[in-house]
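Each chain, written out:
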Amino acid sequence: MNQSSVANPSRQDGGFKSYSCLICRQRKVKCDRRNPCSNCIKAEKQCSFIPPVRGKRKRTKPRKEGLHARLKRYEELLRSYGATVEPEESDDSESDTVSPDVAIEDAESRSESRVSLFGLEEAKPKLITKEGTSRYFESALWSNLGDEPQHPEVDAVDQPMNVQESDMFFEPEHSNKLENLASLHPPPQILERLKEIYADRVDPMMKILHLPTFWAALTDVLRHPQDTSKSLEAEVFAFYLAAINASTDDECRNLFGVQKSVMYFRYRHAARQALMNAGFLSTSSIMTLRAYAMFLMCIKNSYRCDALFVMSGVSIRLARKMGLHRDGEYLGLPIFETELRRRLWWHVVHVDFRAAEVLGAKPSLDLSYTDTKKPLNVNDEDLYPEMVEPPEEREGITSIALCLMRCGIMDTLLKFTTGKCPGDVCWEVLYSPDITVAKKESIISQIESHWEKKYLRYCDPSNSFHTFLSFSIRSSICKMRILARSPRQYASRSAEVPQSERDVVFANATKLLEYVSLVRAGSHGLDKYIWQLGTSYLWNTMLHVLIEARHRKIGPEVDRSWQLIGEVFSSCPQMFEDSTGPVYRALGKWTLDVWEVYIEASKAAGLPEPSTPEYITAIRRCRKPTAESTSRTKEAAPDFRPMSRSSVGYNKSQSQRYEENLTTLEPFESYDFPNFEMDPKEWLQWDQLIAEQEGFVPVNSI
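Just so you know, these numbers come straight off a predicted model, no measurement behind them. (Residues numbered from 1 in each chain as written. Predicted model: local features only at pLDDT ≥ 70, side-chain atom pairs only at ≥ 80, totals over all residues. Heavy atoms only, no water.)

Kindly report on the overall build of the chain, identifying the contributing residues and their values.
What the chain contains, in helices and strands, is 29 helices and two strands. Classification of the 702 residues of the chain by burial places 52% in the buried group. Long-range contacts, defined here as pairs at least 24 residues apart, represent 72% of the contacts in the chain between residues at least 6 apart. Approximately 34,400 Å² of the chain is accessible, and the part contributed by carbon and sulfur atoms is 51%. (Helix = DSSP H or I, 4+ residues; strand = E, 2+ residues; numbered from the N terminus. Buried < 20%, exposed > 50% of the residue type's maximum accessible area, 1.4 Å probe, protein only. Contact = heavy atoms within 4.5 Å. Areas by Shrake-Rupley, 256 points an atom, 1.4 Å probe, with all protein chains shown as cover.)

So, the environment of alanine 238: which residues are in play, and what are the values?
Within the secondary structure, alanine 238 is located in helix α10 (residues 230-246). Each C-alpha atom, one on alanine 238 and one on phenylalanine 295, is 5.6 Å from the other, the two residues being 57 residues apart in sequence. The contact partners of alanine 238, leaving out residues within four places of it in the chain, are Ala271, Ala291 and Met294.

For empty space enclosed by the protein, give the residues involved together with the corresponding values.
The final tally for this structure, using the stated rule, is eight cavities of 30 Å³ or more. When its volume is computed, the second largest cavity comes out at roughly 120 Å³. Along the walls of the second largest cavity sit 13 residues, with Arg343, Trp346, His347, Cys403 and Cys407 positioned nearest its centre. Taken together, the elements giving at least two residues each to the lining of the second largest cavity come down to α16 (335-359) and α17 (401-415). If you tally residues by element for the lining of the second largest cavity, the top one is α17, at five residues. For the lining of the second largest cavity, a count of residues per class yields eight nonpolar, two polar and three charged. (1 Å grid on protein atoms, 1.4 Å probe; cavity = no way out; pocket = protein on both sides within 12 Å on 5 of 7 lines; lining within 4 Å. Points joined across faces, edges and corners; volume = space filled by probe spheres on them. Nonpolar A, V, L, I, M, F, W, Y, C, P; charged D, E, K, R; others polar.)

Break down the confidence of the model for the chain for me, with residues and values.
When pLDDT is averaged along the chain, the result is 76, and 69% of the positions lie at 70 or above. Across residues 148-164, confidence stays below pLDDT 50; counting only partners more than four residues off in sequence or on other chains, it has 37 contacts. (pLDDT = per-residue confidence, 0-100.)

Outline the packing of helix α8 (residues 188-202) against helix α11 (residues 249-256), supporting the account with residue identities and numerical values.
Each pair of packed helices can be described by the angle between their axes along with the distance between the axes. The interhelical angle for the contact between α8 and α11, taken along N-to-C directions, is 160°, at an axis separation of 10 Å. Taken as axis vectors, α8 and α11 run roughly antiparallel relative to one another. Seen from above, α8 lies across α11 with left-handed handedness. Contact with α8, carried on its side by Ile190, Arg193, Leu194, Ile197 and Arg201, involves Glu251, Leu255 and Phe256 of α11 and no other residues of that element. Class assignment for the residues of the contact of α8 with α11 results in five nonpolar, no polar and three charged. (Axes fitted to C-alpha atoms, helices over the stretch in contact; angles between N-to-C directions. Parallel < 35°, antiparallel > 145°, perpendicular 65-115°, else oblique. Left-handed = near helix turned anticlockwise from the far one by under 90°.)

Explain the packing of α8 against α10 to me, using residue names and the numbers behind them.
Relative to each other, α8 and α10 sit at 70°, their axes nearing to 9 Å. As the angle between them shows, α8 and α10 are arranged roughly perpendicular. Taken together, the residues of α10 that come into contact with α8 (itself represented by Leu191, Leu194, Lys195, Ile197, Tyr198, Arg201 and Val202) are Phe239, Tyr240, Ala242, Ala243, Ile244 and Ala246. The residue inventory of the contact of α8 with α10, partitioned by class, reads 11 nonpolar, no polar and two charged.

Just give me the short version of the packing of aromatic side chains, but keep the residues and values in it.
Evaluation of the coordinates by the stated rule reveals 15 aromatic pairs. Seen from their ring centres, tyrosine 198 and phenylalanine 239 are 5.0 Å apart, and the 50° between their planes marks the pair as tilted. Separated by 41 residues along the polypeptide, tyrosine 198 in helix α8 and phenylalanine 239 in helix α10 bring together distant segments of the chain. Comparing tyrosine 198 with phenylalanine 239, the two get one shared label, buried. Taken together, the ring pairs connect Tyr198, Phe214, Phe237, Phe239, Tyr240, Phe256 and Tyr267 into an aromatic cluster. One cation-aromatic arrangement involves lysine 195 over tryptophan 215; the distance from NZ or CZ to the ring centre is 4.4 Å. The positively charged end of lysine 479 is found above the aromatic ring belonging to tryptophan 427, 4.3 Å away from the centroid. (Phe/Tyr/Trp six-rings, centres within 6.5 Å; stacked < 30°, edge-to-face > 60°. Lys NZ or Arg CZ within 6 Å of the ring centre and 35° of its normal.)

This is how it looks when you write it as structure tokens:
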């Protein structure tokens, strides 16, 4: 028979104890308190007398702080910040009501507040969540106040935004305010198709919606539209806008019976109205922030890039206010909520990063000061609200793989930062001469190997998203290698560019143009992602190709580069317009200059004169300084172009209007092809040209 081996240091054989033995207490029988007791002797058990442990007393509710004590504490905090608080006249009757205990507690709380105000380590940030909203406080003043004043907008979150405030933020629409958004919900059969379009074309590009829970919420909205919260309404109409924006004109005609531009304008206006109804500028609702982030991704053809840069900054500030820059795991939040917060934070961070890159500005410092972890490589079906354990990450490509790849780009750029600019997340750090080319190549090879093992080896060529992800990864690697060996870093040192570096730059720039040409041609089913692509990332690549084509003059690689230049230009109708942006005018003129060098070199080498491509002829017609060319309309552009500008925001009159703001930059673009290899000022002017144009010309992609 097994017996207990519990030690009893206070055992006294034959004596009486003041408490029952352990066996009797467990059996709940009367013990004679002898050692050993009679019950244990009969049961042949080892009798052990262990003092009983008193159970934990239920913690009583702390004394509620009195009104006067609270006022005094607040006044003391304000005085600590230098505020002048007029003393009140003492009232004996009131002072008699304050007990000595309350006064002692008040003094202790003021002392602790002073410590937290002047000792950073004592200031504990606080996250307050309530009714689907979250508010994060880092300030010591706010984090030491009571819970009541810390979330002033919770009760007013559903109130409409002030009209003047919204008009100041948004550019005016050409229609009146929509009074009844519920009438714009599509019927169920159309809604199913919009869901398919969103899941196929939008969701992998910005993985911020959890589609299973969102679809359940949307279904409930259609059943009970009158009970829908303003935040959910904003998210629903942002979803409609994103699906319509990613659809084709034929799909819109089949679904709605009208062209895409009409539906886009209608639902852009509705989504904007829903955001204003939700009070997005002062919101603490993550749902509203998601709606705003989706809205930003859909209006790039309607707003100027400099305005989008400011608007992306708003999303960063809202995210910080909600504490998205702090990981939910550290804040004690549920796993499901933590993962959705991670997805949203890194999405708004990337949008701000891209907007800054296009404008030639530095992104927000908030991109570096965060402890939010990267999202898990899982699909939506791996996440659900009731989960208590984090899901196991998947091997291979998931719907969030492209978003994780973008996070990898920012992490890689951080590795290139030096002591002069720590935490500076921008592509320009690759130009830095403080890091050797060998070290740059080592960092680039590491991320390339990581992406190869994590994603590329799992690519299925028959899956269009897998192909798009593969092109995106390879294009990013090419861009890194181009910038790491860019001639501009040698121009700043007045040094000659080594031929080995030229070969790497030319090879990667040519590869990048090939990837762009394949995507824009719509091969492998990639045409459905064209709505997400822009042209700004092409300009530096095109410039590097022209520099190397002029340097090499002739050869098979140069012949191939002229073919690629034509394929890329064919998807940029602005290149063939009379009135266009300065970057297009500069690239057009420099292309003609380098083409003449190519012709002369071919003749000098005894080779047959190359036939003039159609795109060269078209650029010559547009750049010819005659009165005839200024009167030529957009329809006179050559017929070989396969693509044209979408009708949802761009037209020639806009291009002329933007051009008027850029007249100060015309001298640079009228130069012969500059000597970029030797003069760093030429690179600065080129950067200025791109940044200034991007501030006025709408762009497709950020």
